[in-house]
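Coordinates in review
Listed here are the chains, written in short residue letters.
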Amino acid sequence: KAGVTQTPRYLIKTRGQQVTLSCSPISGHRSVSWYQQTPGQGLQFLFEYFSETQRNKGNFPGRFSGRQFSNSRSEMNVSTLELGDSALYLCASSLSAGELFFGEGSRLTVL
Amino acid sequence: SQQGEEDPQALSIQEGENATMNCSYKTSINNLQWYRQNSGRGLVHLILIRSNEREKHSGRLRVTLDTSKKSSSLLITASRAADTASYFCATDGKGAAGNKLTFGGGTRVLVKP
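The model shown is predicted, which means the values in this text are computed figures rather than measured ones.

1. Some words on the pairing of strand 3 (residues 19–24) of chain A
All names here are of chain A. Inspection of the sheet shows strand 1 (residues 5–7) paired to strand 3 by three bridges, in the antiparallel sense. Note on strand 3: the bridge partner recorded for Thr 7 is Ser 22. Note that strand 3 and strand 8 (residues 74–78) share five bridges and pair antiparallel. Bridging across to strand 8, Val 19 finds its partner in Val 78.

See below:
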């Protein structure tokens, strides 16, 4: 079974730009969660989608948004990028509440 | 904000020794999980312990949970160089639906060959 796939793996943007990250979950998994990891704040929950609906949301500004498609693939978007948005963005999928299966992450650098 | 605090923040041991790390959390939980992360990569699930369990084993891993103290420990026995990684505890909220996990700050473990 293929694991969680995140694209792109690395990207560089400048302040003010926007970025879209993609996540393909493990086949059959309907829950997709997103996390931001930075050296200063650690791992922080962004949001979770289940069957195309946002089920949980973390404490991030409205510049961070996401969506899930009918095939469970998910995207997250960050608009008006700030230097502090530089981070490793991790996507995880799950069959149900419990064990999360993480992708390798998308490393975003904002210059 | 982070629910959990882990200690120590870093740990250096020789191959074959045991490694113990601790996690404390603040609110009531359904489950507590431990994950491993190799440098800059995705997290790998190690073990899940439910709030009504006190101890759980998986291979060389032993996890304990004390809900009265809101704390957990992860023991890795007979460590190997391949165990070098960061280890994170993660908790959900009691009664919460879905997969909103709060992670601790992590313990960096270095196993010297």
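2. A closer look at the pattern of salt bridges
For the coordinates displayed, the defined rule picks out eight salt bridges over all chains. One salt bridge in this structure joins Arg63(A) and Asp85(A), with 2.8 Å as the shortest N-O distance. One end of the pair, Arg63(A), is in the loop between strand 6 (53–57) and strand 7 (64–68); the other, Asp85(A), is in the loop between strand 8 and strand 9 (87–94), with 22 residues separating them in the sequence. The same class applies to Arg63(A) and to Asp85(A), which are both buried. The partner of Asp83(B) in a salt bridge is Arg60(B), with the nearest N and O atoms 2.9 Å apart. Taken together, the positions of Asp83(B) in the loop between strand 8 (71–76) and strand 9 (85–91) and Arg60(B) in the loop between strand 6 (55–58) and strand 7 (61–66) put the pair 23 residues apart, joining distant regions of the chain. For Arg60(B), a relative accessible area of 22% translates into the label partly exposed. Among the charged side chains, a network of salt bridges with common partners joins Arg63(A), Glu82(A) and Asp85(A).

About the criteria used
Residues numbered from 1 in each chain as written. Chains lettered and ligands numbered in written order. Predicted model: local features only at pLDDT ≥ 70, side-chain atom pairs only at ≥ 80, totals over all residues. Heavy atoms only, no water. Pairing = 2+ DSSP bridges. Helix = DSSP H or I, 4+ residues; strand = E, 2+ residues; numbered from the N terminus. Salt bridge = Lys/Arg side-chain N within 4 Å of Asp/Glu carboxyl O. Buried < 20%, exposed > 50% of the residue type's maximum accessible area, 1.4 Å probe, protein only.

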